[in-house]
Amino acid sequence: MDHFVYRDGRLFAEDVAVSDLARQHATPLYVYSRATLERHWHAFNDAVGEHPHLICYAVKANSNLGVLSVLAKLGSGFDIVSAGELARVLEAGGDAANVVFSGVGKKADEIRYALQQGIMCFNVESEPELHRINAVAGELGVKAPISLRINPDVDARTHPYISTGLKVNKFGIPRERAIATYELAASLPHIDVVGMDCHIGSQLTDIDPFVDALERLLVLIDELAEKGITISHLDVGGGLGVTYNNETPPHPREYAAAMAEKMTGRDDLKLILEPGRAIAANAGILVTEVEFIKEGEEKHFAIVDAAMNDMLRPALYSAWQNIIRVEQHTAATPKVYDIVGPVCETGDFLGKDRHLALAAGDLLAVRSAGAYGFVMASNYNSRCRPAEIMVDGDQVTVVREREILKDLWKGEHKLT
Ligand SMILES: Cc1ncc(COP(=O)(O)O)c(C=O)c1O
Ligand SMILES: N[C@@H](CCCC[NH3+])C(=O)O
């Protein structure tokens, strides 16, 4: 069941009319649905079934405190890539003991903070990082729990910018060096080897590369055991895609069940999944207002008040996001529009060649905007970043206020 639906020609987020939200909170505006977040998280968690497991939501997809707090209340774990993300998880009520720390460039300060908070595990991406973690843990007089992120060299068949599991990618430790690196880790005094990890890319729409990667890692785990190194968890990363247009990714249930099935007979190996997009993308929309209709020589443009600084995916990856009217009724004539923002870049568009009936003042919703939407927003062109709102039934919470840049115009804040 979708929680962004039309009723009597008006788009609703759960039980609240999106046009009412836009009027009250101004546009551009991100709107999230609590029920959708919960449903997606449960789809993963329930499908794994009895096998010991933990869903570690990838915070980078959407680190809004309201979103994190919904997931923390469900007992979710979290996959983080910075100290900032850890601070957000803790602020939202998440448990450090359920946090895995990924990323190729962890700084010593970040490692120290994560150790002090007692995270579950560092997903280590290189030998120098291993030495750095060992040194910081030594200073603190503790042992750092680690897993190695292995690059399984499988083709995720996704956009080249978001494929991470190939030899040419900067991520992980090559399969060929895995055993030697584990032996190094096991020899370091302040390292505790607890797991193995991989993440092969994002927006995958096929199940085969996931299964392939998992099988390759299980072979490695058995080889490791023969060398006397036993681990207690296998983290297969995130990456499950969603439907933006006509993609047909497996359902989270199907994906999680397939992963769990491969773990049959290995009850001492906890399965960790790190979904981000598949939990958050379709739990959010970006609402924007048409400022002007501009007739070009060869194109019709709808200039809207959201831009690439609010939603970067179309500009960065030529990503296609569905754009729909917030109120279906209109007297306008349908035309083929480029939906563009006010930023001074030719690449500033939310959608191209969209068949829509539009007039100035109309509200539009960019769908599937809950993941890699606000988190990739910037202040480019000194624009304010949008407010973010959580809807729960008929309840509305402003979880992030619009920035105060507007107050600059009134002279109420000093520029720094
Ligand atoms: C290590 C790691 N885990 C999890 C994710 C989440 O990926 P996705 O949002 O595609 O599920 C990412 C991003 O691709 C990642 O780099
Ligand atoms: N930001 C990307 C995905 C990157 C995944 C993170 N490793 C997107 O919008 O699709």
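Residues numbered from 1 in each chain as written. Chains lettered and ligands numbered in written order. Predicted model: local features only at pLDDT ≥ 70, side-chain atom pairs only at ≥ 80, totals over all residues.

A. Main features of the overall build of the chain. If you tally the helices and strands in the chain, you get 12 helices and 21 strands. Relative to the compact-globule value of 22 Å for 416 residues, the chain shows a C-alpha radius of gyration of 23 Å, a close match. Expressed as lengths along the three principal axes of its C-alpha atoms, the size of the chain is roughly 75 × 50 × 40 Å. Taking the intrachain contacts of the chain between residues at least 6 apart in sequence as the baseline, contacts between residues at least 24 apart amount to 70%. (Helix = DSSP H or I, 4+ residues; strand = E, 2+ residues; numbered from the N terminus. Rg over C-alpha atoms; globule rule 2.2 N^0.38 Å. Contact = placed C-beta atoms within 7 Å.)

B. Looking closely at the domain arrangement of the chain. You can read the domains of the chain as domain 1 (4-32 + 281-409) and domain 2 (103-273). Between domain 1 and domain 2, the contact holds 8 residues from the first and 5 residues from the second. Considering only residue class, the side of domain 1 that touches domain 2 consists of 4 nonpolar, 4 polar and no charged. (Domains from an automatic or database assignment. Nonpolar A, V, L, I, M, F, W, Y, C, P; charged D, E, K, R; others polar.)

C. Focus on the nonpolar core. Val18, Val31, Ile133 and Val287 are the most contacted members of the largest nonpolar core, which totals 116 residues. Element by element, the count of residues in this core is highest for helix H8 (residues 208-226), at 6 residues. Per-domain counts for this core show at least three residues from each of domain 1 (4-32 + 281-409) and domain 2 (103-273). Not counting chain neighbours up to four residues away, the residues in contact with Ile133 comprise Ile111, Phe122, Val124, Ala144, Ile146 and Ile191. (Core = buried A, V, L, I, M, F, W, Y, C linked by C-beta atoms within 7 Å. Buried ≥ 20, exposed ≤ 12 C-beta atoms within 10 Å, placed from the backbone.)

D. Just the packing of helix H2 (residues 34-48) against helix H9 (residues 252-262), in detail. Relative orientation of the contacting elements H2 and H9 amounts to 30 degrees, with a least axis distance of 8 Å. Classified by the angle their axes make, H2 and H9 are roughly parallel. Every pair of crossing elements has a handedness; the one defined by H2 and H9 is right-handed. Here His40, Ala43, Phe44, Ala47 and Val48 of H2 lie close against H9, whose contacting residues are Pro252, Arg253, Ala256, Ala257 and Ala260. For the contact of H2 with H9, the class distribution of residues is 8 nonpolar, 1 polar and 1 charged. (Axes fitted to C-alpha atoms, helices over the stretch in contact; angles between N-to-C directions. Parallel < 35°, antiparallel > 145°, perpendicular 65-115°, else oblique. Left-handed = near helix turned anticlockwise from the far one by under 90°.)

E. Seen up close, helix H1 (residues 18-25). Among the residues of H1, those classed as buried are Val18, Leu21 and Ala22. Here the buried residues of H1 occupy an arc of 100 degrees about the axis, which is enough to place them on one side. Facing away from the buried surface of H1 by more than 90 degrees, the exposed residues are Arg23 and Gln24. In the segment just after H1, Ala26 is the residue with positive phi, at about 70 degrees. (Arc of directions from axis to C-beta.)

F. Quick look at the UniProt feature "binding site: pyridoxal 5'-phosphate" (unreviewed entry) in the chain. According to UniProt, the positions carrying the feature "binding site: pyridoxal 5'-phosphate" (unreviewed entry) are Gly239, Glu274, Pro275, Gly276, Arg277 and Tyr372. Mapped onto the secondary structure, Pro275 falls in the loop between strand S13 (270-273) and helix H10 (277-280). Given 25 C-beta atoms within a 10 Å radius, Pro275 is considered buried. Not counting chain neighbours up to four residues away, the residues in contact with Pro275 comprise Phe44, Ile55, Tyr57, Ala58, Gly238, Leu240 and Pro252. Among the structural elements, Arg277 can be located in helix H10. Excluding anything up to four places from it in sequence, Arg277 contacts Ala61, Ser202, Gln203, Gly241, Val242, Ala371 and Tyr372. (UniProt positions renumbered as here; feature names shortened; annotations may be inferred.)

G. The arrangement of the pairing of strand S11 (residues 191-197) in detail. The buried fraction of S11 is high, at 5 of 7 residues. Note that strand S9 (residues 144-151) and S11 share 6 bridges and pair parallel. Each bridged residue has a counterpart across the sheet, and for Pro145 the counterpart in S11 is Asp192. (Pairing = 2+ DSSP bridges.)

H. Structural view of the sheet that holds strand S3 (residues 16-17). Read from one edge to the other, the open sheet built from 3 strands follows the order S1-S2-S3, with strand pairing classed as antiparallel. Each edge of the open sheet is held by one strand with a lone partner, namely strand S1 (4-7) and S3.

I. Examining the pairing of strand S17 (residues 334-340) more closely. Here strand S15 (residues 300-304) pairs with S17 via 4 bridges, running parallel. By the bridge assignment, His300 is partnered in S17 with Tyr337. Pairing geometry for S17 and strand S18 (residues 349-357), over 6 bridges, is antiparallel. Across the sheet, the residue bridging to Lys335 is Leu356, located in S18.

J. Region of the structure containing unusual backbone geometry. Omega for the bond connecting Thr27 with Pro28 falls within 30 degrees of zero, at -5 degrees, which places this linkage in the cis form. Topologically, Pro28 is positioned in the loop between H1 and strand S4 (29-33). Even without being glycine, Asp8 reaches a positive phi, approximately 50 degrees. By the element assignment, Asp8 lies in the loop between S1 and strand S2 (10-13). Take Asp8: there are 9 C-beta atoms within 10 Å of it, and that puts it in the exposed class.

K. Geometry of the environment of Glu254. Of note, Glu254 is situated in helix H9. Among the residues examined, Glu254 registers 14 C-beta atoms within 10 Å and is labelled partly exposed.

L. Structural view of the environment of Ala87. Inspection of the secondary structure assignment puts Ala87 in helix H4 (residues 83-91). Separated by 30 residues in the primary sequence, Ala87 and Gln117 place their C-alpha atoms 9.6 Å from one another.

M. Quick peek at the packing of helix H7 (residues 175-187) against H8. At a minimum axis separation of 11 Å, H7 and H8 run at an interaxial angle of 35 degrees. Like other packed secondary-structure pairs, H7 and H8 cross with a definite hand, here right-handed. Note on element contacts: H8 touches H7 through Arg216, Leu220, Glu223 and Leu224, opposite Arg175, Ala178, Ile179 and Tyr182. Its residues assigned to classes, the contact of H7 with H8 comprises 5 nonpolar, no polar and 3 charged.

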